[in-house]
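Commentary on secondary and tertiary structure
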Amino acid sequence: MNESRNLKIYNTLSGKKEKFEPIVEGHVGMYVCGPTVYNDAHLGNCRTYVSFDIIHRYFIHLGYKVRYVRNITDVGHLTDDGEDRMAKGSKLAQLEPMEVAQKYTLGFHEMMRILNTLPPSIEPRATGHIPEQIEMVQQILDNGLAYESNGSVYFNVPKFVAEQPGVYGSVSGRVIDDLYAETRELKNQDEKAHPADFAIWMKARPQDLMVWNSPWSVGFPGWHLECSAMSTKYLGKTFDIHGGGNDLKFPHHENEVAQNHGACSCSPARVWMHTNMLLLNNKKMSKSDGNTISPSELFSGDSPHTSKAYSPMVVRFFMLMAHYRSTLDITDEALLAAEKGYKKLMETNELLQNLPVNPANFDGSENEHDRAILSMIDDAYQGMDDDFNTAMVIASLNEMGSYVHKLANQQLPADAIAPWVLDKMKATFNTFIFEILGLQNDADAAGNNQVVEGLMNLVLDMRSQARTQKDWATSDKIRDALAAIGIQVKDGKDGVSWSKQ
RNA sequence: GGUUUCCUGGCCGAGUGGUUAGGCACAGCUCUGCAAAAGCUGCUACAGCGGUUCGAAUCCGCUGGAAACCUCCA
């Protein structure tokens, strides 16, 4: 456990950054609302889960034992026409509902793997926790905070507000009176005692396919219940962190909190974290209104919004250049900038790891360069400690990168930096880039082929010979031919290197 | 209509009551057979108008603009 850290996290409940204090020393329990698997994962989902991946990774880095729970929603959400989403998708495709869920679950996992996110500790499915949800409905009924109406069960919001004041509205910052004033045309309004009430169990209609037996009717659980039931089951009644996208604050998270209170009179999570939206054309990306670019379109370049393909790691890096609580606008120009920045950082790290550490002629004193580098390392940690500010981390790494290049180019003598400081910088780079930011080096994957490596060495060796003989025609032909197939030759001071574009 | 958030240099994007974020682009230079690559240097902004303050881009107010939520959504 790294005792020196002073991690602060922005808590939606208080609207402030708070020092993180785990409930159980050395352990972190974190629940994040997962995807609904009735469609391909879209980039917005990816951003949220990349953001929480960083949080997950940093807790691990700090030495916490983390239980990270992220659910798969494979049932229970209604569409505008009142039909269960999963059922709708399955009817269109003539597939079993669970077949649809399985297909998109696998696709989601593949996308998470491509983006190099660590898997959660537990990934519970809503359909696998129907008994737990029924039990929770019963508890809420027993506590008098819900009522049955025509086979469905509704959460009694006004009663809850009266009995446990100050809770409802605390996540979304909504005022109760405003909520009550929003008398809209909603579904099943006639069954509800109050417009603000919401279903925790829905009686099925003939067209609903995914249904279960319950004490009240054959039906399915309410839209927010799964997270309440599953977080309680795996993390306890009160746990450290609950996260999700900004757009889930209301009604999803608000109702979730109400359900937990309604069941056990206790607050589910101490800290609520919300990630901000990914923007396209300066608007929220959204499946429903078509303002979207899919991950695969981004990776293949097959989109009207981009000029070329971007690798998953470039996309991940792009996301990390912004803070998770800020909106992030996707533009081709910004992606291009991220791609260059990513490649440069990777190359800088290669350069750094290959710098010789030479303690022999070091005089033992700590100089201004050492202090500057140590201060930058500290900045990187402070960035993470300040509500996971990855943008600050990247800035610090880039600043250190300037030193790396100066050393590599001998603009600074090799012994300008204390050996132990250089060692520490090497370790810091590796730790931050690969462990905490979770980046992978695309170049490793591309060049990790002995045949290619051998051929390139041969070709570049021939070019070097031609150059020694001032046979520019031959050397330029080799260079241009390689460029034509996307390989860039880089003539450096200490020899030739190459990279795939 | 209600609630909330945001408005930073050519672009993206951090941060802060007084001192260079960083990246990309651009310009100059170094290196180089030429080019590319790489490095160095430069480019110093904070929507507008008021107020608080010794001092505000940072706090407060107003105006303008944008977005999110209020309906499934990460």
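Everything here concerns the structure above.
Residues numbered from 1 in each chain as written. Chains lettered and ligands numbered in written order. Predicted model: local features only at pLDDT ≥ 70, side-chain atom pairs only at ≥ 80, totals over all residues. Heavy atoms only, no water.

1. Examining the pattern of salt bridges
Where charged atoms from two side chains of opposite charge come close, those side chains can pair. Taken as a whole and judged by the stated rule, the model has 16 salt bridges. Put simply, lysine 490 and glutamate 347 hold a salt bridge, and the shortest N to O gap is 3.0 Å. Of this pair, lysine 490 sits in strand β14 (residues 487–492) while glutamate 347 is found in helix α11 (residues 332–353), placing the two residues 143 residues apart along the sequence. With a relative accessible area of 25%, lysine 490 lands in the partly exposed category. (Salt bridge = Lys/Arg side-chain N within 4 Å of Asp/Glu carboxyl O. Helix = DSSP H or I, 4+ residues; strand = E, 2+ residues; numbered from the N terminus. Buried < 20%, exposed > 50% of the residue type's maximum accessible area, 1.4 Å probe, protein only.)

2. Brief notes about the state of the cysteines
Under the criterion given, the structure shown has one disulfide. A sulfur-sulfur separation of 2.0 Å characterises the disulfide bridge that pairs cysteine 264 with cysteine 266. With the S-S dihedral at roughly -75°, the linkage between cysteine 264 and cysteine 266 falls on the left-handed side. Taking the relative accessible area as the measure of exposure, cysteine 266 reaches 15% and is therefore buried. Cysteine 227 takes part in no disulfide bond, and the closest cysteine sulfur to it belongs to cysteine 33, at a distance of 3.8 Å. Residue class for cysteine 227 comes out buried when judged on its relative accessible area of 2%. (Disulfide = S-S within 2.5 Å.)

3. Quick word on the sheet that holds strand β13 (residues 328–330)
Spatially, β12-β11-β13 is the arrangement adopted by the three strands of the open sheet, whose pairing is mixed. Looking at the sheet topology across the chains shown, the edges are occupied by β12 (283–284) and β13. Note that strand β11 (residues 278–280) and β12 share two bridges and pair antiparallel. Counterpart to leucine 279 in the pairing with β12 is lysine 284. (Pairing = 2+ DSSP bridges.)

4. Details of the sheet that holds strand β8 (residues 219–221)
Two pairing modes exist for strands in a sheet, parallel and antiparallel, and in both the strands are linked by backbone hydrogen bonds. Taken together, four strands build an open sheet; the order of strands is β5-β6-β7-β8 and the sheet is antiparallel. Edge positions in the sheet fall to β5 (146–149) and β8, since each has one partner strand and no second. Ignoring which end each strand starts from, the neighbouring axes of this sheet average 20° apart. Its contacts with the sheet place helix α4 (residues 130–142) against β5, β6 (152–155), β7 (198–203) and β8, and it is angled at close to 105° to β5. Packed on one face of the sheet, helix α8 (residues 249–264) meets β6 and β7 and runs near 80° to β7. (Axes fitted to C-alpha atoms, helices over the stretch in contact; angles between N-to-C directions. Contact = heavy atoms within 4.5 Å.)

5. Some thoughts on helix α14 (residues 419–436)
When the terminal C-alpha atoms of α14 are compared, their 24 Å separation across 18 residues agrees well with the 26 Å that a helix rising 1.5 Å per residue should span. Those residues of α14 that sit buried are Pro419, Val421, Leu422, Met425, Lys426, Thr428, Phe429, Thr431, Phe432, Ile433 and Ile436. Packed against the buried residues of α14 are α1 (43–61), α11, α12 (368–385) and α13 (390–408). Looking one or two residues past α14, glycine 438 carries a phi angle of roughly 65°, positive in sign. (Expected span 1.5 Å × (residues − 1).)

Purely geometric numbers; function is a separate question.
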